[in-house]
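This is what each chain is made of:
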Amino acid sequence: MPGTKLFFYIALCKSAFNMKPVLDAVVKLVNTIVSRGLTQRQFRDFLQSEQSEYSDVLYYTKVKWLSAGCVFERVWQLKDDIVSFFHEKQCSAECEMLEDTEWLPDFAFFTDLLCHMNNLNVKMQGKNQFIDDIWAHLKAFKLKLNLFAGQLAKNDLSHFSRLNSLPSVNKEMLKNYEDGLKKLHFEFERRFQDFSCHSNRIGYFYHAFQRKL
């Protein structure tokens, strides 16, 4: 099951949100840096000269969709450095999306959401877990999705720190994010409905096994 959970999560996200435009733009930006040896070396040198906490961007691989969350987070953390680097090289067109006030909210939101999904995955991948533990993580995350949607409806971005760091996000965008989170919650309910149907049996099995230990 651990190997399949990753693919479930990305399928769920894709069914609730249109992430492709943002993902394609981020991947293209990363590839511009890492696929050219000279550019990557220059970028590393630039980060070093700026005394950045990070030494490079991360490479995205479709085989491991979880890498998307890590790549998004790293690009977000380095976005100012990336902009400065390409401006210094007089190639500002390469990073124009990072200065686009209409594109940045989507990037910030998906970075926050993927980080939440990654945290769920880390919990699900923990050692010595019973099916009851996995079900508990899923239930908790579904509650979080409802909480997140409710907070966005009230313009509360406390669980979306990157989105909250932007000067402003228009109400229409927040409504789209809210609706997407509701869809994602629905998809979790639908995809894992078998867990809900057998939750009592799962709990009984877990407690019976614990007694034997």
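Per an unreviewed UniProt entry, the protein carries the name General transcription factor II-I repeat domain-containing protein 2A and comes from Araneus ventricosus.

1. Looking at the packing of aromatic side chains
Counted according to the given criterion, the structure contains eleven aromatic pairs. When the ring of Phe-109 is compared with that of Tyr-177, the centres are 4.2 Å apart and the planes differ by 5 degrees; the resulting orientation is stacked. One end of the pair, Phe-109, is in helix H5 (residues 104-124); the other, Tyr-177, is in helix H8 (residues 171-191), with 68 residues separating them in the sequence. For Lys-79, the ring lying beneath its charged end belongs to Trp-76, and the centroid distance is 3.9 Å.

2. Focus on the nonpolar core
One finds Ile-82, Phe-107, Phe-109, Leu-163, Leu-181 and Phe-188 to be the most contacted residues of the largest nonpolar core, which totals 59 residues. Residue assignment for this core shows that the elements contributing at least two residues are helix H1 (2-16), helix H2 (20-34), helix H4 (66-88), H5, helix H6 (131-153) and H8.

3. Thoughts on the pattern of salt bridges
The full count for this structure, using the stated rule, is seven salt bridges. Salt-bridge contacts for Asp-112 lead to Arg-162; the nearest nitrogen and oxygen are separated by 2.6 Å. You can see Asp-112 sitting in helix H5 and its partner Arg-162 sitting in helix H7 (residues 161-164), a full 50 residues away along the chain. You'll find Asp-112 and Arg-162 in the same group, each marked buried. Where Lys-182 meets Glu-178, a salt bridge forms, and the shortest distance between an N and an O atom there is 3.0 Å. With Lys-182 and Glu-178 both in helix H8 and four residues apart, this pair spans about one turn of that helix.

4. As for the side chain of Arg-162
Take Arg-162: its relative accessible area is 16%, and that puts it in the buried class. A polar atom in the side chain of Arg-162 sits 3.4 Å from the side chain of Glu-73.

5. Notes on H5
Taking 1.5 Å per residue, 21 residues should reach 30 Å; H5 reaches 30 Å between its end C-alpha atoms and fits that length. Most of H5 is tucked away, with 17 of its 21 residues classed as buried.

6. Looking at unusual backbone geometry
Look at Gln-90: it is not a glycine, yet its phi comes out positive at around 60 degrees. Within the secondary structure layout, Gln-90 lies in the loop between H4 and H5. At Asn-155, a position not held by glycine, the phi torsion is positive, near 65 degrees. Mapped onto the secondary structure, Asn-155 falls in the loop between H6 and H7.

7. Details of the layout of surface pockets
In this structure, the second largest pocket occupies an estimated 210 Å³ of space. In terms of lining residues, the second largest pocket is bounded by 13 residues, among which Asn-18, Asp-106, Phe-110, Asn-176 and Tyr-177 are the most central. When residues of the lining of the second largest pocket are traced back to their parent elements, those giving at least two are H2, H5 and H8. No other element matches H8, which puts five residues into the lining of the second largest pocket. For the lining of the second largest pocket, the class distribution of residues is eight nonpolar, three polar and two charged.

Reading the values: rules and limits
- Residues numbered from 1 in each chain as written.
- Predicted model: local features only at pLDDT ≥ 70, side-chain atom pairs only at ≥ 80, totals over all residues.
- Heavy atoms only, no water.
- Phe/Tyr/Trp six-rings, centres within 6.5 Å; stacked < 30°, edge-to-face > 60°.
- Helix = DSSP H or I, 4+ residues; strand = E, 2+ residues; numbered from the N terminus.
- Lys NZ or Arg CZ within 6 Å of the ring centre and 35° of its normal.
- Core = buried A, V, L, I, M, F, W, Y, C linked by side-chain atoms within 4.5 Å.
- Buried < 20%, exposed > 50% of the residue type's maximum accessible area, 1.4 Å probe, protein only.
- Salt bridge = Lys/Arg side-chain N within 4 Å of Asp/Glu carboxyl O.
- Polar contact = N/O pair within 3.5 Å; in protein donor to acceptor, adjacent residues only side chain to side chain.
- Expected span 1.5 Å × (residues − 1).
- 1 Å grid on protein atoms, 1.4 Å probe; cavity = no way out; pocket = protein on both sides within 12 Å on 5 of 7 lines; lining within 4 Å.
- Points joined across faces, edges and corners; volume = space filled by probe spheres on them.
- Nonpolar A, V, L, I, M, F, W, Y, C, P; charged D, E, K, R; others polar.

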